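# A structural walkthrough
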Amino acid sequence: MNDHEVGEYWNRNAPAWTTLVRAGYDVYRDLLNTPAFFAWLPPVAGLAGLDIGCGEGYNTRLLARQGAHVTALDIAPVFVEAAQQAETAEPLDIRYLVGSAAALPFAAETFDFATSFMCLMDVPDPALALRETFRVLRPDGFLQFSISHPCFTTPHRQNLRDAQGRPYAVEVGGYFDYQHGQPEEWIFGAAPFREQARHAPFRVPVFNLTLSQWVAAVVAAGFVLEGLQEPCPTDEQLAAHPFLRKARVVPYFLHLRCRKSGLPQV
Ligand SMILES: C[S@@+](CC[C@H](N)C(=O)[O-])C[C@H]1O[C@@H](n2cnc3c(N)ncnc32)[C@H](O)[C@@H]1O
């Protein structure tokens, strides 16, 4: 499966996805993943940034509100149209375009930084996407990206619950069994059933790299890996949103920050 075939899946998912996330049902993104990502992000005010796989633009708008000059791209035209509509309604000076992470339509050294929120695990060749990102960054520029945690988003995954129904462990398996685009079906569980029933489930092609393959791809692209982060709900977040407890049993997300060192490559 190539990146454009994957894009057709996402284009079909886009109308329901946009409706449901704008209604607030992507609760793990809104309450855990995105706040942790932005808390870790270096200052971006005044910098030229690229957001790769922007979807309907939720995180792109947050970047722009931090004062960055943002260009954002997505492979699914329906998502880009939805993002552009939000930009027209509330201009944040974001430039949206349709394009693929596998062939970024920009000259070398165009951006000071790049972000990618929960996209790169959805592309068939993330190593190529990382090389492309490296190319369009200026020396000393950085890429910060989030993905589903590779150690716990495995072909077999089952939440285990105690006698009171509380999640206490996750059974994982098939970690090394690579899936090249087998579609997985799901929908936001936080949406009420009547909302879920209005939409066909999303179909998302899966490409599951191991943790060491992710790190190898980052390094092979030429980046220096600056750090990893695994968002974990705080006590305050758990008190306010008890359903986040599952994300304390094991991490759902992995964040990586890597830099295009200004020093000559050896
Ligand atoms: C899980 S959604 C995340 C959307 C958005 N970043 C967010 O955080 O709300 C994954 C996104 O990656 C996009 N995508 C998948 N493959 C892509 C590719 N090769 N190039 C650019 N975008 C891609 C999809 O269309 C979709 O919008």
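These numbers come from a predicted model, not from an experiment. (Residues numbered from 1 in each chain as written. Predicted model: local features only at pLDDT ≥ 70, side-chain atom pairs only at ≥ 80, totals over all residues. Heavy atoms only, no water.)

## Things to note about the sheet that holds strand β5 (residues 137-148)
Under the convention used in this document: When DSSP finds two or more bridges between a pair of strands, those strands are recorded as paired. Under the DSSP-based scheme used, a helix requires at least four consecutive residues in state H or I and a strand at least two consecutive residues in state E, with every element numbered from the N terminus. A fitted line through C-alpha atoms represents every axis, and for helices the fit uses only the stretch in contact; the resulting angles, taken between N-to-C directions, go from 0 to 180 degrees. In what follows, a contact means two residues having at least one pair of non-hydrogen atoms within 4.5 Å.
If you walk across this open sheet you meet the seven strands as β3-β2-β1-β4-β5-β11-β10, and the pairing is mixed. In this open sheet, the two strands that pair with only one neighbour each are β3 (95-98) and β10 (224-229). With direction set aside, neighbouring strand axes in the sheet form an average angle of 15°. Alignment of β10 against strand β11 (residues 253-259), held across five bridges, turns out to be antiparallel. Bridge pairing in β11 links Val224 to Arg259. Contacts between helix α5 (residues 126-136) and the sheet are confined to β1 (48-52), β4 (111-117) and β5, with β5 contributing the most and set at about 150° to the helix.

## Some thoughts on the environment of Arg198
With respect to the helices and strands, the residue Arg198 is situated in the loop between α6 (193-197) and β9 (202-207). The spatial distance from the C-alpha of Arg198 to the C-alpha of Phe188 is 12 Å, given a sequence separation of ten residues.

## A look at the environment of Leu20
Put simply, the rule reads: Burial here depends on accessible area, computed with a 1.4 Å probe over protein chains only, as a share of the maximum for the residue type. Under 20% is buried, over 50% is exposed, and the range in between is partly exposed.
Among the structural elements, Leu20 can be located in helix α1 (residues 3-22). Assessed through its relative accessible area of 0%, Leu20 is described here as buried. As for Leu20 and Phe193, which are separated by 173 residues in sequence, their C-alpha atoms are 12 Å apart. Beyond its immediate sequence surroundings of up to four residues, Leu20 is in contact with Tyr25, Asp26, Ile187, Phe188, Ala191, Glu195, His199 and Phe202.

## Considering the side chain of Asp26
By secondary structure assignment, the location of Asp26 is in the loop between α1 and α2 (27-40). With a relative accessible area of 12%, Asp26 lands in the buried category. Not counting chain neighbours up to four residues away, the residues in contact with Asp26 comprise Trp17, Leu20, Val21 and Phe188.

## Brief notes about the pattern of salt bridges
Here is the rule we go by: Here, a salt bridge means any Lys or Arg side-chain nitrogen found within 4 Å of an Asp or Glu carboxyl oxygen.
For the structure shown, the criterion picks out 14 salt bridges. Salt-bridge contacts for Arg259 lead to Glu226; the nearest nitrogen and oxygen are separated by 2.4 Å. Of the two residues, Arg259 sits in strand β11 while Glu226 sits in strand β10, which places them 33 residues apart along the sequence. Asp235 is the salt-bridge partner of Arg248, the closest N and O atoms lying 2.5 Å from each other. Of the two residues, Arg248 sits in helix α9 (residues 246-249) while Asp235 sits in helix α8 (residues 235-240), which places them 13 residues apart along the sequence. Using a relative accessible area of 52% as the deciding quantity, one classes Asp235 as exposed.

## A look at the UniProt feature "domain: Methyltransferase type" (unreviewed entry) in the protein chain
Where we set the bar: UniProt positions are given in the numbering used here, feature names are shortened, and annotations may be inferred rather than shown by experiment.
Within this structure's numbering, the places UniProt gives as "domain: Methyltransferase type" (unreviewed entry) are residues 50-143. Between the C-alpha atoms that bound residues 50-143 there is a distance of 9 Å. The span itself is 34% helix and 29% strand.

## Thoughts on the site of the ligand
For clarity, the threshold we go by: Proximity criterion: a residue is near a molecule or strand once any of its heavy atoms comes within 4 Å of it. Counting of polar contacts relies on pairs of N or O atoms within 3.5 Å, with two restrictions inside protein: one atom must be capable of donating a hydrogen and the other of accepting it, and residues adjacent in sequence are counted only when both atoms are side-chain atoms. Methods summary: accessible areas were calculated by the Shrake-Rupley approach with a probe of 1.4 Å, and residue burial reflects only the protein chains presented. Residue polarity is assigned by list, with Asp, Glu, Lys and Arg as charged and Ala, Val, Leu, Ile, Met, Phe, Trp, Tyr, Cys and Pro as nonpolar; anything else, Gly included, falls into the polar class.
Neighbouring residues of the ligand: 20 residues in total, closest Gly53, Asn59, Asp74, Ala101 and Phe117. In this structure, Arg29 approaches the ligand through a side-chain N or O atom, which is 3.1 Å from an oxygen atom. Separating a nitrogen atom of the ligand from a side-chain N or O atom of Ser100 is a distance of 3.3 Å. In the complex, the protein chains occlude 97% of the 590 Å² of accessible area that the ligand would expose alone. A per-element tally of the shell around the ligand places α1 first, with three residues. Here the residues of the shell around the ligand are counted per class, giving eleven nonpolar, five polar and four charged.

## Observations concerning the packing of aromatic side chains
Note on aromatic pairs: each is described by the distance of the centres and the angle between the planes. Heads up, the condition is: Stacked, tilted and edge-to-face are the three classes applied to pairs of Phe, Tyr and Trp rings, where Trp contributes its six-membered ring and a pair requires centres within 6.5 Å; stacked means planes under 30 degrees apart, edge-to-face means over 60, and tilted covers the rest.
In the structure shown here, the tally under the stated rule is 20 aromatic pairs. Ring geometry for Trp10 against Phe79: centres 6.3 Å apart, planes inclined by 40°, an arrangement best described as tilted. Here Trp10 is found in helix α1, whereas its partner Phe79 is found in helix α4 (residues 77-89), with 69 residues between them in sequence. For the pair Trp10 and Phe79, a shared accessibility class is recorded, and that class is buried. With centroids separated by 5.0 Å and ring planes inclined at 55°, the aromatic side chains of Trp17 and Phe202 adopt a geometry described as tilted. With Trp17 in helix α1 and Phe202 in strand β9, this residue pair connects regions lying 185 residues apart in the sequence. Of the two residues, Trp17 and Phe202, neither departs from the other in class, the shared state being buried. Three or more aromatic residues link up through ring pairs in this structure, and these residues are Trp10, Trp17, Phe79, Trp186, Phe188 and Phe202.

## What to know about α2
What counts, and what does not: In a helix, the anticipated span is given by 1.5 Å times the number of residues less one. Throughout, bend refers to the angle between the axes fitted to the seven residues that end at a position and the seven residues that start at it.
Relative to the 20 Å expected for 14 residues at 1.5 Å per residue, α2 spans 19 Å between its end C-alpha atoms, a close match to the ideal helical length. Along α2, the helix axis deviates most sharply at Asn33, where the bend reaches about 35°; the proline Pro35 sits within four residues downstream. When you tally the buried positions in α2, you get eleven out of 14 residues, the bulk of the element.

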